[in-house]
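Here's the letter readout for the chains.
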Amino acid sequence: MTPPQAASPGRRLRAAWAAAPVAVPGVFNALVGRMAERLGFRAMYLSGAALSASMGLPDVGLVTLTEFVDEARRLTAASSLPLLCDADVGFGEALSVERTVRLFEGAGAAAVQLEDQLLPKRCGHLSGKQLVEPEAMAAKVRAAAAARRDPDFVIVARTDARGVHGFDDAVRRARLYREAGADVIFPEALESADEFAAFARAVPGPLLANMTEFGRSPNLDFAALAAMGYRLVLYPVTALRAALRAAEEALAEILTKGHQRDALPRMLTRKELYDLLDYAGYEERDRAYFG
């Protein structure tokens with residue numbers, strides 16, 4: 001008898017947001033992905049901004065498709081959470097988007113996010129962005145939907161139009177991208193709670209809200225966004241920013257004090273780190289293999 005097939009990552013992500021709105025943290029390495037799962041999150045996000053920053057690069061489209069996919073593969077190997085992957089502008093035009101989707105799907109991701117900027121792209125909360133024509137982005141969405149092998153693999157279409165042409169153009173583009181096959185719409189850099197609510201009324205269907213820090217959007221409560229109708233709420237760089245500040249403070253203490261003793265209460269203990277790594281499980285299996 002053939003065993004039942006496990007639900008695909010895309011199906012698990014869809015089931016999660018159908019059951020209740022989902023908070024999606026950005027995880028900047030595999031260990032943080034495992035931590036998010038243990039804490040009880042139901043999905044995770046590979047942020048292009050965080051991946052670029054971890055490589056010492058700004059988020060302007062310098063990281064390659066294969067570098068993104070390699071990181072996605074590490075994340076899905078370490079955690080069973082469905083993974084939403086930032087795919088920037090799709091790494092090319094419509095035919096390139098086909099390959100982008102297939103590589104991310106092959107790496108075990110649940111979803112990809114495509115955006116309607118021109119290269120060189122910029123952070124969604126900065127000025128100076130330029131957009132592709134709406135029809136060109138719609139073609140990328142159609143290519144993404146056609147390329148997926150699993151029909152439950154999720155296509156997220158992000159529009160940066162609010163900060164370039166205004167709210168109404170963001171709504172028009174979102175509706176076009178939905179018609180082209182986007183499963184989820186991501187309006188970037190809305191500027192008030194009223195705009196988030198108005199967008200949800202104007203664009204029916206699953207929506208994603210980005211609650212990044214220090215940007216154009218207010219940091220709204222998860223419950224408030226859920227009540228508006230947003231099914232996914234993204235925290236893309238929160239953990240990385242917090243980790244970098246903690247690292248800076250610990251390094252400064254070593255430099256100024258000549259020791260790290262005062263920082264010990266802010267660290268994972270050896271036992272906690274080994275537990276997160278499943279160190280004991282590796283040791284047990286190693287012993288078993290030797291009989």
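Note: the structure precedes this text.
So, here's what we can say about the structure. (Residues numbered from 1 in each chain as written. Predicted model: local features only at pLDDT ≥ 70, side-chain atom pairs only at ≥ 80, totals over all residues. Heavy atoms only, no water.)

Description of the nonpolar core
Counting residues in each nonpolar core, the largest one holds 56 residues, and the members touching the most others are Phe104, Ile185, Phe199 and Tyr230. Once residues within four sequence positions are removed from consideration, Ile185 is found in contact with Ala157, Ala174, Tyr177, Arg178, Phe199, Val203, Pro206, Leu207 and Leu208. Judged by nonpolar contacts, the second largest core, of 17 residues, contains Ala16, Trp17, Val22 and Val154. (Core = buried A, V, L, I, M, F, W, Y, C linked by side-chain atoms within 4.5 Å. Buried < 20%, exposed > 50% of the residue type's maximum accessible area, 1.4 Å probe, protein only. Contact = heavy atoms within 4.5 Å.)

With respect to the environment of Ala6
Turning to its location among the elements, Ala6 is positioned in the segment before α1 (9-19). In the structure, Ala6 is positioned 13 residues away from Ala19 in sequence and 18 Å away in space, judged by C-alpha atoms. (Helix = DSSP H or I, 4+ residues; strand = E, 2+ residues; numbered from the N terminus.)

Describing the sheet that holds strand β8 (residues 232-235)
Strand order in this open sheet of 3 strands is β1-β8-β7, and the pairing throughout is parallel. Either end of the sheet is taken by a strand with one partner, and the two such strands are β1 (22-25) and β7 (208-210). Direction aside, the axes of adjacent strands within the sheet are offset by 25° on average. The pairing of β7 with β8 spans 3 bridges and is classified as parallel. Its bridge partner being in β8, Asn210 is matched across the sheet by Leu234. (Pairing = 2+ DSSP bridges. Axes fitted to C-alpha atoms, helices over the stretch in contact; angles between N-to-C directions.)

Quick notes on the pairing of β8
The sheet contact formed by β1 and β8 spans 4 bridges and is parallel. From the neighbouring strand, Val22 faces β8, where its bridge partner is Leu232. Taken together, β7, helix α9 (residues 222-228) and β8 form a β-α-β motif whose crossover is right-handed. (Right-handed = clockwise from strand over helix to strand, strands pointing away.)

As for the packing of aromatic side chains
Summed over the entire model, instances satisfying the criterion amount to 4 aromatic pairs. Look at Phe68 and Phe91: their rings are 5.4 Å apart centre to centre, the planes differ by 65°, and that puts the pair in the edge-to-face class. Taken as a pair, Phe68 in helix α4 (residues 65-78) and Phe91 in the loop between β3 (83-86) and α5 (94-106) lie far apart in primary sequence, 23 residues in all. Each ring, one from Tyr274 and one from Tyr279, has its centre 4.3 Å from the other, and the planes form 15°; the classification is stacked. A relative accessible area of 38% places Tyr279 in the partly exposed class. Lying across the ring of Phe186, Arg158 places its NZ or CZ 5.5 Å from the centre. Of note, Arg285 hangs over the ring of Tyr282, and the distance from its end group to the ring centre comes to 4.5 Å. (Phe/Tyr/Trp six-rings, centres within 6.5 Å; stacked < 30°, edge-to-face > 60°. Lys NZ or Arg CZ within 6 Å of the ring centre and 35° of its normal.)

Brief notes about the sheet that holds strand β4 (residues 111-115)
Overall, parallel pairing links the 5 strands, which are arranged β2-β3-β4-β5-β6 in an open sheet. In this open sheet, the two edge strands, each paired with only one partner strand, are β2 (44-46) and β6 (184-187). Mean inter-strand twist for the sheet, computed between neighbouring axes without regard to direction, equals 25°. Sheet analysis places strand β5 (residues 154-159) next to β6, joined by 4 bridges and oriented parallel. Looking at β6, one finds that Thr159 is bridged to Pro187. Seen against the sheet, helix α6 (residues 134-147) touches β4 and β5 and runs at an angle of roughly 170° to β5.

With respect to the pattern of salt bridges
Within the structure shown, the criterion is met by 22 salt bridges. Between Arg14 and Asp183 there is a salt bridge, and its shortest N-O distance comes to 3.2 Å. Placement of the pair is Arg14 in helix α1 and Asp183 in the loop between α7 (167-180) and β6, with a sequence separation of 169 residues. Comparing Arg14 with Asp183, the two get one shared label, buried. Notably, a salt bridge pairs Asp262 with Lys257, separated by 2.7 Å at the nearest N-O pair. For Asp262, a relative accessible area of 42% gives the class partly exposed. (Salt bridge = Lys/Arg side-chain N within 4 Å of Asp/Glu carboxyl O.)

Section: a negative patch on the surface
Side chains of Asp278, Glu283, Glu284 and Asp286 sit close together on the surface and give a patch of like negative charge. Relative to the assigned elements, Glu283 resides in helix α12 (residues 279-289). The partly exposed category is assigned to Glu283, whose relative accessible area is 39%. (Patch = residues over 30% accessible without salt bridge, like charges linked within 9 Å, V, L, I, M, F, W, Y side chains within 5 Å. Areas by Shrake-Rupley, 256 points an atom, 1.4 Å probe, with all protein chains shown as cover. Lys, Arg positive; Asp, Glu negative; His and termini not counted. Charge placed at Lys NZ, Arg CZ, Asp CG, Glu CD.)

Regarding the side chain of Glu253
Structurally, Glu253 can be placed in helix α10 (residues 238-257). At a separation of 2.7 Å, a polar atom in the side chain of Glu253 contacts the side chain of Arg266. Setting aside residues up to four positions removed in sequence, Glu253 forms contacts with Gly258, His259, Asp262, Ala263 and Arg266. (Polar contact = N/O pair within 3.5 Å; in protein donor to acceptor, adjacent residues only side chain to side chain.)

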